Amino acid sequence: MKFTKMHGAGNDYVYVNGFEEQLDWPALSRFVSNRHKGIGADGLIVAQKSESSHLKMSMFNADGSEGEMCGNGIRCLVAFAIDEGLVAANTEIQKVETKSGELLVRPIIDGDHMVGASVSMGRPILEPSRIPVDLPSEPYPILDYPLEIDGYRFSLSFVSMGNPHAVSFIDGNVDEFPLDKIGPLVENHPLFPSRVNFEINNVNSRNKITTRVWERGSGLTMACGTGACAVVVAAVLKGLVDRNVEVELPGGALEIDWRKDDAEVMMTGPVQIVFKGELDWPLA
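Sequence positions are assigned chain by chain, starting from 1 and proceeding in written order. Local features in a predicted model are, by the rule used here, given only for residues with pLDDT of at least 70; side-chain atom pairs are given and counted only at 80 or more, and totals for whole chains, interfaces and linings are based on all residues. Computation of side-chain values covers all heavy atoms of the structure but excludes hydrogens and water.

Topic: the overall build of the chain
Of regular secondary structure, the chain possesses 4 helices and 18 strands. Referenced to the eigenvectors of the C-alpha coordinate spread, the extents of the chain come out at roughly 50 × 40 × 35 Å. For every residue, the accessible area obtained with a 1.4 Å probe (protein chains only) is divided by the maximum for its type, and the residue is called buried under 20%, exposed over 50%, and partly exposed between those limits. When each of the 284 residues of the chain is scored for burial, the buried share is 55%. It only takes one pair of heavy atoms within 4.5 Å for two residues to be counted as in contact. Sequence-distant contacts, at least 24 apart, represent 61% of the contacts inside the chain between residues at least 6 apart. The Shrake-Rupley method, run with a 1.4 Å probe, gives the accessible areas here. Residue values count only the displayed protein chains as cover. Of the accessible surface of the chain, which amounts to about 12,400 Å², a share of 46% is contributed by carbon and sulfur atoms. Under the scheme used here, helices are H or I runs from DSSP no shorter than 4 residues and strands are E runs no shorter than 2 residues, and both carry numbers assigned from the N terminus.

Given below as C-alpha cells:
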C-alpha cells in the first residue's frame, strides 16, 4: 500500500488512495499513527470517490475512531488528490464530501505545487443539542459555562465546526498549562456525549490568539483547523477579537475569517508533504 505523510501547520496525517480499495481503516489508523512502532501521525485520512463532490474525505483519529472533519487534513487531502491525479489540478474550487457535509477548498498554487488552501468551513453550530453538549437547549450560545476539573476552574464556550469544541480563554501562559493532564479529563467529561476537543487560549490582541489543543481521539496535536475556527467564533461572540484573526498554534499559524454571525467561517493555511512510502498491510 502506497501512502503519503503530510502536515498542515504541524497537524500530521497519513494519506492513502481509497478510490479502488477498502481496508480496515480504523485498524490501519491505529497502526500508522503510532509514533514508535508505526509511521507516526495524528491519524489517517482516506481519499475516496464521491457521488456528489470531486472527492470524499474519510478521517480516522489515532485511536481508530472516525472523525467528522479535520480542517488541516482537508487542505492536505486536496493536495494529495491533485498529486495522485485523483482530481483535476486546474479546478479553482474543489468540492469535498465529509461527514459534516460538503466543504469548498480553494487551492493556493505556487509554480507547479499546491502550498496551501482556503477552506469554507461552514457555519458554526451553537445549539447545545447539535454540538452536542448535555445542557438545556435554551438559551444559546453558551459562552461562559463554569466547570471545575481536578482543581482547575474554567469558563467554557461551546462551538461545533462539524465536530464539538470546548473553548477556554485563560490568563496564564498556555504553554505552562498541563494540557496533557487536563485535556483527557475534559474530553471524556459526561457533559459531552460524543466526547469533545478542548482548546486553551491567550488573546494577544484584537487580531491574534495563541492556542493549544487537545484533540478528541488523538490527544495533544500541533494544530487543529476546526479548533482554530471554533476559538475565533467564541472569541468574536465574547467581544474579545475582530473578525479576521491569526491563530498561532504550536505547529504554525492559521488565518481565520468570520465576516458576520450568519456567515461561513473561512480558514487559510499551509500544506506540506513530509515523505512518501510503501507499507505491507495487513502485517504478516
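From this point, the narrative continues.
Observations concerning the pattern of salt bridges
The working definition used for a salt bridge is a side-chain nitrogen of Lys or Arg within 4 Å of a carboxyl oxygen of Asp or Glu. Using the criterion set out here, one finds 18 salt bridges in the structure. Across the pair Arg-243 and Asp-261 runs a salt bridge whose closest N-O atoms are separated by 2.4 Å. Taken together, the positions of Arg-243 in the loop between α4 (225–237) and β15 (244–249) and Asp-261 in the loop between β16 (252–257) and β17 (266–270) put the pair 18 residues apart, joining distant regions of the chain. Taking the relative accessible area as the measure of exposure, Arg-243 reaches 26% and is therefore partly exposed. For the salt bridge of Arg-259 with Asp-257, the shortest nitrogen-to-oxygen distance reads 3.0 Å. Take Arg-259: its relative accessible area is 65%, and that puts it in the exposed class. It is possible to trace a salt-bridge network through shared partners that takes in Lys-5, Asp-12, Arg-35 and Asp-42.

Describing unusual backbone geometry
Phi is mostly negative for residues that are not glycine, and the peptide bonds are mostly trans. Between Ile-131 and Pro-132 the backbone carries a cis peptide bond, its omega angle lying at -5 degrees. By secondary structure assignment, the location of Pro-132 is in the loop between β8 (113–120) and β9 (145–149). Tyr-140 connects to Pro-141 through a cis peptide bond whose omega is 5 degrees. In this structure, Ala-9 takes a positive phi of about 55 degrees despite not being glycine. Assignment of secondary structure puts Ala-9 in the loop between β1 (2–8) and β2 (11–17). You can call Ala-9 buried: its relative accessible area is 1%. Of note in this structure, Arg-195 is not a glycine but carries a positive phi near 65 degrees. Its location among the elements puts Arg-195 in the loop between α3 (179–187) and β12 (197–205).

Quick look at the environment of Asn-17
Note that Asn-17 resides in strand β2. In sequence terms Asn-17 and Gly-172 are 155 residues apart; their C-alpha atoms lie 43 Å from each other. Other than its neighbours up to four places away in sequence, Asn-17 contacts Ala-47, Phe-80 and Leu-86. Separated by 2.9 Å, the side chain of Asn-17 and the backbone nitrogen of Phe-19 make a polar contact. Here a polar contact is taken to be a pair of N or O atoms separated by no more than 3.5 Å, where protein atoms must pair a possible hydrogen donor with a possible acceptor and residues adjacent in sequence count only if both atoms sit in side chains.

Some words on helix α1 (residues 25–33)
Looking at α1, one finds that the buried residues are Trp-25, Ala-27, Leu-28, Ser-29, Val-32 and Ser-33. In this structure, the buried residues of α1 make contact with β2, β3 (43–48) and β4 (55–61). Capping the start of α1 is the job of one residue whose side-chain oxygen sits 3.3 Å from the backbone nitrogen of Ala-27: Asp-24.

As for the nonpolar core
Core analysis: the biggest nonpolar cluster contains 57 residues, and Tyr-15, Met-57, Ile-74, Leu-77, Met-121, Ile-256 and Val-265 have the highest contact counts within it. For this core, the element with the highest residue contribution is α4, accounting for 9 residues. When neighbours within four sequence positions are excluded, Tyr-15 is seen to be in contact with Phe-3, Thr-4, Met-6, Ile-45, Asn-72, Gly-73, Cys-76, Leu-77 and Phe-80. For our purposes a nonpolar core is just a set of buried Ala, Val, Leu, Ile, Met, Phe, Trp, Tyr and Cys residues, chained together by side-chain atoms within 4.5 Å. Formed by 23 residues, the second largest nonpolar core is a distinct cluster that contains Phe-177, Val-186, Leu-191 and Ile-200.

Purely geometric stuff here, so don't read any function into it on its own.
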